[in-house]
Amino acid sequence: MWDDAFPSFLIGLREGLEAGLIVSVLVATLVRAGAKSRLPQVWTGVLAAIALSLSFGAVLTFTAASLSSTAQEAFGGTLSIVAVAFVTAMVFWMRRSARNLAGEIKEKVTEALAMGAGVLVLTSFLAVGREGLETALFLWTTARAANESAGPLAGAGVGLVLAAGLCWGLYRRVLRINLTRFFTVTGAVLVVIAAGVLGYGLRDLQEGGVLPGGTAYAFDLSGSMDAGSWYSTLLQGVLNLTPTMTWLQVAGYAGYLAVVMTLFVRGVSGARTARGAGAAGVAPDGRAVAAGPAPAARTQGEAAAQPQAIAPAVTEGAAPGRPQPAAAAHAASAASVSASAGEDVPPRSGNAAPNQSAVPAPASPRTRRRPAWLLPVAVVVVPAVLAGLVVALARPKPSGGETVAVSETDCGQGFTAPRPGRQTFQMRNTGDKTSEVYLIDPATNAVYGEIEGLAPGTTRDLVATVAGGSYAWRCVPTDGKAVTSKAVRVAGAAGSTAVVPVSERDLAAPLKAYRAYVDRGLATLVRQTRRLDDDIRSGHLDTARTDWLTAHRTYASLGAAYGTFEDFDQKINGRPDGLPGGVHDKDFTGFHRVEYGLWHGQSAAQLKGPAQQLADNADGLRKAFPHQDFDPSDLPLRAHEILENTLQFELTGDTDQGSGTGLATADANLAGTRELLTVLRPLLTTRAPHLLPTVDADIARLQALLDSEHRAGRWTPVARLDRTAKARIDGATGQLLEDLSPVPDLLEIRKSA
């Protein structure tokens with residue numbers, strides 16, 4: 001959390017200090033001008049800017065939430081790049097303008113005083129609003145990159161509070177800060193952070209399909225770096241550097257950093273040279289300038305920290321450091337500005353009221369004045385209402401109200417061409433059979449939405465996102481024939497994601513190939529368990545331990561068929577969990593029973609029976625398997641479940657009965673998953689072309705981690721893994737499981753096929 005807070009803290013501190021300095025200058029200028037009555041107008045503009053910034057953040061958040069996952073990636077990536085552009089412009093602008101900021105704001109306030117209340121409100125609103133919008137955009141971007149909002153919000157809040165305290169101290173002259181140096185240092189840090197945001201944004205655009213190269217990795221350090229370690233988390237949170245980055249990310253990061261940082265450093269060096277020339281009595285353009293008196297205790301940086309509107313004015317002939325009356329200070333300031341412009345300054349009476357010409361005359365008592373609270377309330381309510389309207393109008397709405405009939409005779413009755421966007425259809429079963437109903441593309445049979453088990457006389461909602469294309473309903477009554485409704489055409493661009501359904505016929509070839517793989521594996525298993533039995537009968541227990549692991553890894557690589565093996569799986573690979581006698585229970589048989597004896601000092605005589613029983617059961621399974629019913633739907637399910645069981649049992653040590661070979665079993669499970677994906681690859685390639693390259697990279701990453709724990713023919717026991725290695729293996733397995741999770745849904749057998 002806190003590693004994600006630093007970038008937001010820095011942006012909150014810097015942007016808050018910029019906005020706070022502007023407000024301080026505005027307030028000080030009005031106080032000096034004797035126009036304290038106009039201060040509410042400044043605060044009204046500030047309040048409006050805050051309301052606009054919060055509303056802008058709400059629009060970003062809720063608009064993104066209503067998009068599809070792919071569109072969210074593209075939307076987030078685009079705004080990340082926009083945020084980088086804003087931050088870059090802000091860094092260079094503040095580096096260039098920090099020294100003259102007070103004078104520019106003072107001139108604007110002087111003009112606003114003469115033009116009326118609305119102009120003063122607008123001046124403060126525009127001055128603060130820009131900082132607020134930049135902060136909202138950058139904060140939204142960093143929260144998205146961190147996948148959580150608590151850290152970034154906390155960091156920004158702390159930064160803003162600290163900025164407010166610094167501005168109060170500057171205004172009250174309690175603090176002196178070299179603002180030139182402050183904005184230079186924070187600017188350099190922000191350039192580095194912005195480079196990371198740019199890299200993250202480019203990755204989002206790749207995942208959203210906007211930019212190519214999503215699988216072209218420049219480096220992959222996940223096998224040697226723990227993604228959950230403190231240093232990795234810090235690098236990801238602060239700099240957006242991840243263990244795995246594409247070539248486009250690296251090029252964008254390095255290119256931005258090289259170009260922008262070079263320009264920034266050159267600008268800083270040029271500004272220092274110019275200040276050195278000015279101190280020598282020569283302006284940067286070569287014009288001679290008059291040297292003015294300056295208190296010895298104030299450096300140039302401190303002068304920048306005390307803008308003209310805040311620092312005490314010193315009239316000619318007055319004692320240094322002694323503040324002059326407001327009228328005299330204002331006159332001296334005006335004379336100084338006019339004289340620097342080459343104008344003749346007429347003498348001014350010391351009794352003249354300050355800013356007499358700038359402050360408008362009081363309103364007539366007969367004029368009806370609006371309530372003082374009206375404008376502040378309006379500037380808060382209006383942005384909030386506008387933001388609500390934008391969110392409401394941008395969010396796709398369900399159509400609500402269209403009822404579609406489901407039956408053999410009325411399938412699709414009541415269905416008309418819907419509007420593009422997220423739609424809710426009320427599906428009512430008007431027949432006398434329980435039915436399944438699918439919203440399909442009639443040309444490809446691709447499914448956009450489905451309801452299973454819709455009972456007669458009941459109504460359920462089906463929610464689907466509609467884009468340009470053809471749509472029809474397919475009703476499949478129980479024990480009935482599938483019926484397809486008349487197709488309707490929706491105008492607009494294509495974009496909705498549909499799943500091409502899979503039938504049992506589609507899975508027939510993969511199932512045949514996998515059955516052949518299992519049959520070969522069982523033949524090997526029979527030979528290996530016979531060898532293990534012979535080892536134990538001969539009393540060669542050391543050899544038996546080696547042969548036990550070989551045979552067990554063979555069985556562990558057949559995980560997709562466990563559901564087909566029926567009772568044989570419990571007999572061959574059962575655990576003692578739940579048995580009344582535990583490891584000593586007579587029903588504890590198979591590999592783990594033999595494992596327990598081999599690694600707990602049992603004699604060959606004690607192990608002959610369990611070893612013989614294991615070999616007999618393996619042989620019985622091989623003979624029974626060709627006649628067992630292998631459900632084709634098990635294939636896509638097992639693509640995810642094999643490693644799910646690995647993470648739950650092998651990588652926790654739950655199945656270990658003393659051999660310490662949990663990682664070896666996990667390696668065999670991974671091999672079995674790889675074989676299963678091989679037979680499913682043709683179906684997955686046509687339905688999710690981007691899935692398999694990602695999964696292949698995940699498998700290679702996990703394989704490398706497992707291989708690193710297999711040294712000199714020995715596997716590191718799970719219990720002896722150091723914390724970093726264990727976290728890496730668990731993390732790689734979890735990532736692979738996450739990327740495999742769509743497979744069961746993509747290859748689910750649907751009656752609509």
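What you see is a predicted model; the values in this text were computed from it and never measured.

Draft legend 1. Focus on the overall build of the protein chain. In terms of regular secondary structure, the protein chain is built from 22 helices and 12 strands. Within the protein chain, residue pairs in contact and separated by at least 24 positions form 75% of the contacts whose partners lie at least 6 positions apart. As presented, the protein chain carries roughly 36400 Å² of accessible surface, and 58% of it is formed by carbon and sulfur atoms.

Draft legend 2. Main features of the environment of leucine 263. The topology assignment puts leucine 263 in helix 9 (residues 247–279). Take leucine 263: its relative accessible area is 46%, and that puts it in the partly exposed class. With 171 residues separating them in the primary sequence, leucine 263 and phenylalanine 92 have C-alpha atoms 9.2 Å apart.

Draft legend 3. Representation of the packing of helix 18 (residues 634–648) against helix 19 (residues 662–687). It is the contact of helix 18 with helix 19, at a shortest axis distance of 10 Å, that shows an interaxial angle of 165°. What the angle tells us is that helix 18 and helix 19 run roughly antiparallel. Relative to helix 19, the crossing made by helix 18 is left-handed. Residues Leu635, Pro636, Arg638, Ala639, Ile642, Leu643 and Thr646 of helix 18 touch helix 19, and the partners they reach there are Ala666, Asn669, Leu670, Thr673, Leu676, Leu677 and Leu680. In terms of residue class, the contact of helix 18 with helix 19 is made up of 10 nonpolar, 3 polar and 1 charged.

Draft legend 4. Layout of the packing of helix 14 (residues 541–556) against helix 19. Packing of helix 14 against helix 19 brings their axes to within 8 Å, and their N-to-C directions diverge by 35°. For the element pair helix 14 and helix 19, the recorded crossing hand is right-handed. In this structure, helix 14 contributes Leu549, His552, Arg553 and Ala556 to the contact, and helix 19 contributes Ala664, Thr665, Asp667, Ala668 and Asn669. Within the contact of helix 14 with helix 19, the residues separate by chemical class into 4 nonpolar, 3 polar and 2 charged.

Draft legend 5. Region of the structure containing the nonpolar core. By size, the foremost hydrophobic cluster in this structure holds 73 residues, and its most contacted members are Tyr514, Ile536, Phe565, Leu676, Leu680 and Leu684. Per element, the largest residue contribution to this core is 11 residues, and it comes from helix 19. Those residues in contact with tyrosine 514 that sit more than four places away from it in its chain are Ser557, Leu558, Gly559, Ala560, Ala561, Phe630, Leu635, Glu675, Leu676 and Val679. Judged by nonpolar contacts, the second largest core, of 26 residues, contains Ala83, Met90, Ile193 and Leu239.

Draft legend 6. Representation of the sheet that holds strand 3 (residues 403–406) within the structure. If you trace the 3 strands from one edge of the open sheet to the other, you get 3-4-7, paired in mixed fashion. Looking at the sheet topology across the chains shown, the edges are occupied by strand 3 and strand 7 (459–466). On average, adjacent strands in this sheet sit at an angle of 35° to one another, irrespective of strand direction. Where strand 3 and strand 4 (residues 421–429) come together, 4 bridges link them in parallel fashion. In the strand pairing of strand 4, valine 404 is matched with methionine 427.

Draft legend 7. Representation of the packing of aromatic side chains in the model. Scanning the entire structure with this criterion turns up 13 aromatic pairs. Relative to tyrosine 471, the ring of tyrosine 448 lies with its centre 4.8 Å away and its plane at 45°, an arrangement referred to as tilted. A residue pair is termed long-range when its members are at least 10 positions apart, and tyrosine 448 in strand 6 (residues 447–454) and tyrosine 471 in strand 8 (residues 469–477) qualify at 23 residues. The exposure classification of tyrosine 448 matches that of tyrosine 471, with both residues buried. Taking 5.4 Å as the distance between ring centres and 40° as the angle between the ring planes, the aromatic pair formed by tyrosine 514 and tyrosine 517 counts as tilted. Residue tyrosine 514 and its partner tyrosine 517 are located together in helix 13 (residues 508–537), separated by 3 residues, close to a single helical turn. For the pair formed by tyrosine 514 and tyrosine 517, the shared burial category is buried. Here the aromatic residues Tyr514, Tyr517, Trp548, Tyr555, Phe565, Phe591, Trp599, Phe625 and Phe630 are joined through ring pairs into a cluster of three or more. Directly above the aromatic system of phenylalanine 568 lies the positively charged group of lysine 571, at a separation of 5.5 Å from the ring centroid.

Draft legend 8. The arrangement of helix 20 (residues 691–707) in detail. Over its 17 residues, helix 20 extends 24 Å from the first C-alpha to the last, a length consistent with the 24 Å expected when each residue adds 1.5 Å. Every buried residue of helix 20 is accounted for by Leu691, Leu692, Val695, Ala697, Asp698, Ile699, Arg701, Leu702, Gln703, Leu705 and Leu706.

Draft legend 9. Structural context of the pattern of salt bridges. Considering all chains together, one arrives at 14 salt bridges under this definition. With its nearest N and O atoms 3.9 Å apart, the salt bridge here joins arginine 575 to aspartate 654. Of the two residues, arginine 575 is situated in the loop between helix 15 (568–573) and helix 16 (591–598) and aspartate 654 in the loop between helix 18 and helix 19; the sequence distance between them amounts to 79 residues. Look at aspartate 654 and you get partly exposed, because its relative accessible area is 36%. Between arginine 681 and aspartate 696 there is a salt bridge; the shortest N-O distance is 3.2 Å. Pair noted here: arginine 681 is in helix 19 and aspartate 696 is in helix 20, with a separation of 15 residues, a long-range link. Here arginine 681 falls in the partly exposed class, since its relative accessible area comes to 30%. A single salt-bridge network, built from bridges that share partners, covers Arg575, Asp577 and Asp654.

Conventions and cut-offs
Residues numbered from 1 in each chain as written. Predicted model: local features only at pLDDT ≥ 70, side-chain atom pairs only at ≥ 80, totals over all residues. Heavy atoms only, no water. Helix = DSSP H or I, 4+ residues; strand = E, 2+ residues; numbered from the N terminus. Contact = heavy atoms within 4.5 Å. Areas by Shrake-Rupley, 256 points an atom, 1.4 Å probe, with all protein chains shown as cover. Buried < 20%, exposed > 50% of the residue type's maximum accessible area, 1.4 Å probe, protein only. Axes fitted to C-alpha atoms, helices over the stretch in contact; angles between N-to-C directions. Parallel < 35°, antiparallel > 145°, perpendicular 65-115°, else oblique. Left-handed = near helix turned anticlockwise from the far one by under 90°. Nonpolar A, V, L, I, M, F, W, Y, C, P; charged D, E, K, R; others polar. Core = buried A, V, L, I, M, F, W, Y, C linked by side-chain atoms within 4.5 Å. Pairing = 2+ DSSP bridges. Phe/Tyr/Trp six-rings, centres within 6.5 Å; stacked < 30°, edge-to-face > 60°. Lys NZ or Arg CZ within 6 Å of the ring centre and 35° of its normal. Expected span 1.5 Å × (residues − 1). Salt bridge = Lys/Arg side-chain N within 4 Å of Asp/Glu carboxyl O.

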